[in-house]
Amino acid sequence: MRRLGVGLVVGGALFLCVGCSNDPGDPTLVLEIGGDYEFATYSDSSGIHDFEQGQTKVILTGDEIPESIFLQVLPFLDGRAAETWCKATLDGVVQYEDGSNHGALCSELQSLAGTS
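Residues numbered from 1 in each chain as written. Predicted model: local features only at pLDDT ≥ 70, side-chain atom pairs only at ≥ 80, totals over all residues. Heavy atoms only, no water.

Engineer: Lay out the state of the cysteines in plain terms, naming residues and giving numbers.
Structural biologist: Using the criterion set out here, one finds one disulfide in the structure. At a sulfur-sulfur separation of 2.3 Å, the disulfide partner of C86 is C106. In this structure the cystine formed by C86 and C106 twists about its S-S bond by roughly 105°; its chirality is therefore right-handed. Placement of C86 in strand β6 (residues 84-90) and of C106 in strand β8 (residues 104-107) is noted, with a sequence separation of 20 residues between them. You'll find C86 and C106 in the same group, each marked buried. (Disulfide = S-S within 2.5 Å. Helix = DSSP H or I, 4+ residues; strand = E, 2+ residues; numbered from the N terminus. Buried < 20%, exposed > 50% of the residue type's maximum accessible area, 1.4 Å probe, protein only.)

Engineer: Tell me about the packing of aromatic side chains, and name the residues and values.
Structural biologist: The final tally for this structure, using the stated rule, is one aromatic pair. Between Y42 and F51, the aromatic rings sit 6.1 Å apart at their centres with planes inclined by 75°, giving edge-to-face as the arrangement. Residue classification places Y42 among the buried positions, given a relative accessible area of 0%. Look at F51 and you get buried, because its relative accessible area is 8%. (Phe/Tyr/Trp six-rings, centres within 6.5 Å; stacked < 30°, edge-to-face > 60°.)

Engineer: Talk me through the environment of D98; I want residue IDs and the actual numbers.
Structural biologist: Among the secondary structure elements, D98 is positioned in strand β7 (residues 93-100). The class for D98 is partly exposed, based on a relative accessible area of 31%. Spatially, the C-alpha atom of D98 lies 9.7 Å from that of I33, the residues being 65 residues apart in sequence. A distance of 2.9 Å separates a polar side-chain atom of D98 from the backbone nitrogen of L105. (Polar contact = N/O pair within 3.5 Å; in protein donor to acceptor, adjacent residues only side chain to side chain.)

Here it is in structure tokens:
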């Protein structure tokens, strides 16, 4: 599996991917988050990746897709109830979906054994 070229750049784009495949036949993994949340992140074998403020979606294709992933959305820590949710879809099929007033967790996506 090729490592993701991911970096956080203040005021910039989340993904900098060199040599990523854009073949129309490649699988596509979409990570979506929403609701009234304070912090969202996902982690995979290449590390921990924070969602930028206002970012609601990450799209990974081909060799960018990890064998497993841990996606979480944390509500505000001040105790107020706020609906949060996350969803992971692989080629349009929902793999994990969660939501509550206490945070959301979409984890351990075992997606493409043998294709990365």
